[in-house]
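# Report on the structure
Below, each chain spelled out in residue letters.
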Amino acid sequence: MMGSCAPFVLMLAVWGCLGMRGGLVYGHGLTRRGDDIPGPDNFIRHRYPSGTVVTFGDHLYIDGGELYQQVNGSETNGTQSGQNYLSYAVNSTLSLNLNESWTNETVIFRSIPKTAPLLDQQIYWSDPSNGAGALYTWGGMAAGSGSPPANEQWLFNADGTGGGAWSQITQRDFRDFSGLAQTVGAAFAQSSHVGYALGGQATSKTDSSIQKEYPGYALTGLVSYDFQTGQWNNASTVPYYEGFGTSLNARAEYVPFGPNGLLLFLGGAEAPFDANDKNIVQCNWNSLMITDPVTGEWYRQATSGARPPTIERACSVGVQGPNNTYEIFIYGGTSDQIEGTSESVHILSLPGFVFFDAQSPGTQRADHACTVVGNGKRQMLSYGGVDGGPGLRNPTTTPDPWKQGLGIYDMSETKWVDSYDPNATDYESPAAVTDWYAQGGMDTVSWCNDELKGLFINSSAIAYGAGNSSSTDSSAEGSHLRKTGIIVGCTVGGILFITITSAFVFFVMRWRRRRHQSTMTDTFNEYRPEPWPKDSPRMRSTTPGTMVSTPTPVQPIEISGTAREELPAEDVDWTYELPVPTPRLRPELPDRKYST
């Protein structure tokens, strides 16, 4: 009996073992899908949410990338040393509420099911005008050892309550769309209705037709996508951008200057088409590349101030200052110059093209994302990222110093704060920025040409950064005196203008009155009424006492009851007599309109 049952028992044992292993694998997969929100105690890192942190209304949305976490205090597929953790693709889109205060430990995330492909380093364009908000995604690479993605474009429609749904976009012109190379590491930004992406890389993880692994091929071109028409375009950058027309892991910001707005590119690296670790060179900050996306004009503008080290994979946000300035805050990134990951915050102020070191380091991180949050637009939220050596090709991932990867930065005070405040006051340019403009910094700007200067400065009367109090009492007093002088000058000038205008009007009216009277006198002297009957031929006076007429004269008519008399012969060519009876004589004026 036992001999006959042994094979069956052995089979059950093997089946049970496989079942357990299968359950672990499958269960682990389910656990991954259920643990996209690991909580503050189990969160390790979130890499590649780059550009995917976007605000729609009262909610913040986070998408894409890879998550590192612990399960009940132990590493998920990680080493026991705690210095290296394996990751998995985030299976859902996350959101959090911006309508209430929270800290990075108390904030509550919401998980939204995702039907779109799970990818890293996608291009994201946001369109707040589309319903409750829309997020367009394109490009990206497979996470881990996954297969390269299909060339597709996806759309996330927010629902206004912190949720939303994904759907694939049907291309209006698939021929143009299919001709675009899918990319990672592109610098992207958008205007109100057009998204832009510069450069990037194509590798075996982005396109199944490419065999070359990272860093693959460096791409040229500025790709654009019109949200309203669905039209794609790819403009060449070879003659204009840097040395090769390529850009790797840079940042792009759309800045509100000129009639069309401008695209400004920050940091990153460049390489020839066939890129490798030796020919990739990070870009310095001595000058910045700018383009007008409508006209296609490119500019290279010099910068000044405390420039950052060469960096790529940083995050950046832009915010409008209250006094005609626009500040861009740049945080983190990986740097060959410092041979590691940066923790610094730098500020680029426009139109001065001047850099400031905010002197408020955060924590070392790259491949993270930032966005402006709060009603006053003075807070920068940083989410995710990893640390490691140059290029982050083989980063040693340590647990994030910030709970759940969240940090809040007060851009006006230039300091990291403990919590998010939805009602923080309006953004004001930092004191160092306003002082630079107040001290005449704009006079030191060396413009690449007058055309670019005209796009940033359209009037010499505009004052920049003059809203805050000056750094010294003397400058404040000088500002007060200047304002007083302006008021007095305007008052005196106004009085003089009114006096001169009144005098001018008086003399003009007087001259016109005299001229009018003279004209009336001359007119009536020239056209003196002649007492001729209405049915008689009209006489045209040429000179006083002379009459000219061509009709044949009629016979004299006598007036009944009166003595017959004739007109003097020397005054006229023919003699006329008044008709009978004529109770009243009505003289007529010649055919001519008279001035009154």
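Residues numbered from 1 in each chain as written. Predicted model: local features only at pLDDT ≥ 70, side-chain atom pairs only at ≥ 80, totals over all residues. Heavy atoms only, no water.

## Remarks on the packing of aromatic side chains
Here is the rule: What counts as a ring pair is set by centres within 6.5 Å for rings of Phe, Tyr and Trp (its six-membered ring), and what kind of pair is set by the plane angle: stacked under 30 degrees, edge-to-face over 60, tilted for all other angles. Buried means the residue's accessible area, taken with a 1.4 Å probe over protein chains only, is under 20% of the maximum for its type, while exposed means over 50%, and partly exposed covers the values in between.
Applying the stated criterion across every chain, the model contains 32 aromatic pairs. Between W436 and Y437 the ring centres are 4.8 Å apart and the planes differ by 90 degrees, which places this aromatic pair in the edge-to-face class. Each member of the pair, W436 as well as Y437, is classed as buried. Following the ring pairs from residue to residue traces out a cluster consisting of W125, Y136, W138, F174, F177, Y225, F227 and W232.

## So, helix α3 (residues 431-438)
Convention followed: Helix numbering and strand numbering both begin at the N terminus, where a helix is a DSSP run of H or I of at least 4 residues and a strand a DSSP run of E of at least 2. Residues count as neighbours in contact if any of their non-hydrogen atoms are within 4.5 Å of one another.
For α3, every residue scored as buried is listed here: V433, T434, D435, W436 and Y437. Among the structural elements, β30 (326-331), β33 (345-350) and β34 (354-357) are those in contact with the buried residues of α3. Looking one or two places after α3, you find G440, whose phi comes out positive at around 85 degrees.

## So, unusual backbone geometry
Excluding glycine, most residues fall at negative phi; most peptide bonds, likewise, are trans. Residue P215 is bonded to the preceding Y214 through a cis peptide linkage, with omega at 10 degrees. Mapped onto the secondary structure, P215 falls in the loop between β18 (201-202) and β19 (217-218). Note the cis peptide between L350 and P351, where omega equals 10 degrees. Following the sequence through the fold, P351 ends up in the loop between β33 and β34. Located in the positive-phi region is T414, a residue other than glycine, with phi close to 50 degrees.

## Looking at the sheet that holds strand β22 (residues 251-255)
Counted only if it meets this: Two strands pair under a simple rule: DSSP has to find at least two bridges between them. For helices, the fitted line uses only the C-alpha atoms of the stretch in contact; every axis is such a line through C-alpha atoms, and the angle between N-to-C directions lies from 0 to 180 degrees.
With respect to topology, four strands assemble into an open sheet ordered β22-β23-β26-β27, the strand pairing being antiparallel. One side of each edge strand has no neighbouring strand; the edge strands of this open sheet are β22 and β27 (298-302). In this sheet, adjacent strand axes meet at a mean angle of 30 degrees when their direction is disregarded. Bridge analysis of β22 against strand β23 (residues 262-266) gives five bridges, and the strand direction is antiparallel. Bridging from a neighbouring strand, V255 pairs with L262 of β23.

## So, the pattern of salt bridges
The criterion, for reference: The working definition used for a salt bridge is a side-chain nitrogen of Lys or Arg within 4 Å of a carboxyl oxygen of Asp or Glu.
Under the criterion given, the structure shown has ten salt bridges. The residue D387 makes a salt bridge to R45 at a minimum N-O spacing of 3.7 Å. In this pair, D387 sits in the loop between β36 (379-383) and β37 (406-410) while R45 sits in strand β1 (residues 43-47), placing the two residues 342 residues apart along the sequence. We note that D387, like R45, is buried. A salt bridge links R300 to E242; the nearest nitrogen and oxygen atoms lie 3.9 Å apart. Taken as a pair, R300 in strand β27 and E242 in the loop between β21 (232-235) and β22 lie far apart in primary sequence, 58 residues in all. By relative accessible area, which is 23% here, E242 ends up partly exposed. One salt-bridge network, in which partners are shared between bridges, spans R45, R365, D387 and D400.

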